[in-house]
Amino acid sequence: MSVRTNRTRMLAAAALTVATLTLTACNNGEGTRDEGASTASAFTASTSSDSSPTASGTPSPEASGGTFKAAGQAKSGTSAHSAASAPKGSTGGAAPTSGAAGSRRATSVPGSTGSHSSESVLNPCSSTSTRTTATVVSRPLNHLLLTVTNTGSRNCDLIGYPAVRFEEAQSVPPAIEASKPQAVVTLPPGGSGYASVLLSAADGSGSNGYTANSLRVYFDRSPGAAHPSLPSGGVYIDSSLRVSYWQSDMADALAW
């Protein structure tokens, strides 16, 4: 009797244990399914949120392949839009800026050495192709008029002002800058140009005066000098000695 009772209790305990294990296993299975549903819901939510652009434009690292595909499509659309808006002839990337090239072209002006070119075509007058005379005039006082005549067969140019040396002077007198003409004086064959020389101060304010009996006149870029004759008895010069620029008109030369 006691053996039967013990067996019955053992069977009941075993049945209870099996039932408990079965119930636990069922509960674990439902938990797994619930977790799967929850994961699926999270996946769906993640895919939905990642398929729309974020504020920073960077896809979430938790996004699935579908999310990256959508981002790739958006990138492709952006590239297509950029290509469509790019200027014709562009091969991709940023369109070349034509402004910089235009500035370079604008600053690279052909003929920028024009001043040198214009000087190079000048034909300076020289002592060998001209005749020079020196004449003392009554008005204005204490002035000497230099006249240069082109004796050559082609035009020559009187550039700047004459460099005059009286006697053995080691320096030449300065030019009167206000007398500078707007253009170089060009002498055709037989034509003449003029310059005046202020010999001394009319009011006697000059110093270191002396009488000169010889004169040399140098032309621009010409090593040789003209030797015009001075009046008998020479001319009186002092520290007021000045010369005008070459002029095409005698009156303009004597105005200084």
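Preceding this paragraph is the structure being described.
First things first, this report covers the structure right here in the doc. All of these numbers come straight from a predicted model, not from anything done at the bench.

1. With respect to the sheet that holds strand β11 (residues 242-243)
Hydrogen bonds along the backbone pair up the strands of a sheet, which may run parallel or antiparallel.
Here's step 1: Taken together, four strands build an open sheet; the order of strands is β1-β2-β6-β11 and the sheet is antiparallel. The open sheet has two edge strands with one neighbour each: β1 (130-137) and β11.
Here's step 2: Inspection of the sheet shows strand β2 (residues 143-150) paired to strand β6 (residues 192-198) by seven bridges, in the antiparallel sense. Following the sheet pairing, Leu144 is matched in β6 by Val197.

2. A few points about the packing of aromatic side chains
Here's step 1: Taken as a whole and assessed by the stated rule, the structure comprises two aromatic pairs.
Here's step 2: Summarising the aromatic geometry, the rings of Tyr161 and Tyr245 are spaced 5.2 Å apart at their centres and angled 75° between planes, so their arrangement reads as edge-to-face. Taken as a pair, Tyr161 in the loop between β3 (156-158) and β4 (163-166) and Tyr245 in the loop between β11 and α5 (250-254) lie far apart in primary sequence, 84 residues in all.
Here's step 3: Take Tyr161: its relative accessible area is 32%, and that puts it in the partly exposed class.
Here's step 4: The class of Tyr245 is buried, set by a relative accessible area of 8%.
Here's step 5: Summarising the aromatic geometry, the rings of Phe219 and Trp246 are spaced 6.0 Å apart at their centres and angled 10° between planes, so their arrangement reads as stacked. With Phe219 in the loop between β8 (215-218) and β9 (225-226) and Trp246 in the loop between β11 and α5, this residue pair connects regions lying 27 residues apart in the sequence. Across the pair, exposure class does not vary: Phe219 and Trp246 are buried alike.

3. Side note on unusual backbone geometry
Here's step 1: The omega angle of the peptide bond from Arg139 to Pro140 is -5°, so this bond is cis rather than trans.
Here's step 2: Structurally, Pro140 can be placed in the loop between β1 and β2.

Reading the values: the criteria
The numbers attached to residues start from 1 for each chain and follow its sequence in the written order. Under the rules for a predicted model, residues below a pLDDT of 70 receive no local features and side-chain atom pairs below 80 are neither given nor counted, while totals for whole chains, interfaces and linings still include all residues. Working from all heavy atoms in the structure, the side-chain values ignore hydrogens and water. Two strands make a pair as long as DSSP finds a minimum of two bridges between them. To qualify as a helix, a DSSP run of H or I must reach at least 4 residues; to qualify as a strand, a run of E must reach at least 2; elements of each kind are numbered from the N terminus. Centres within 6.5 Å make a pair out of two Phe, Tyr or Trp rings, where for Trp the six-membered ring is used; the pair is then stacked when the planes are under 30 degrees apart, edge-to-face when over 60, and tilted otherwise. The buried label goes to any residue with under 20% of its type's maximum accessible area, the exposed label to any with over 50%, and the partly exposed label to all in between, with areas taken from a 1.4 Å probe on protein chains only.

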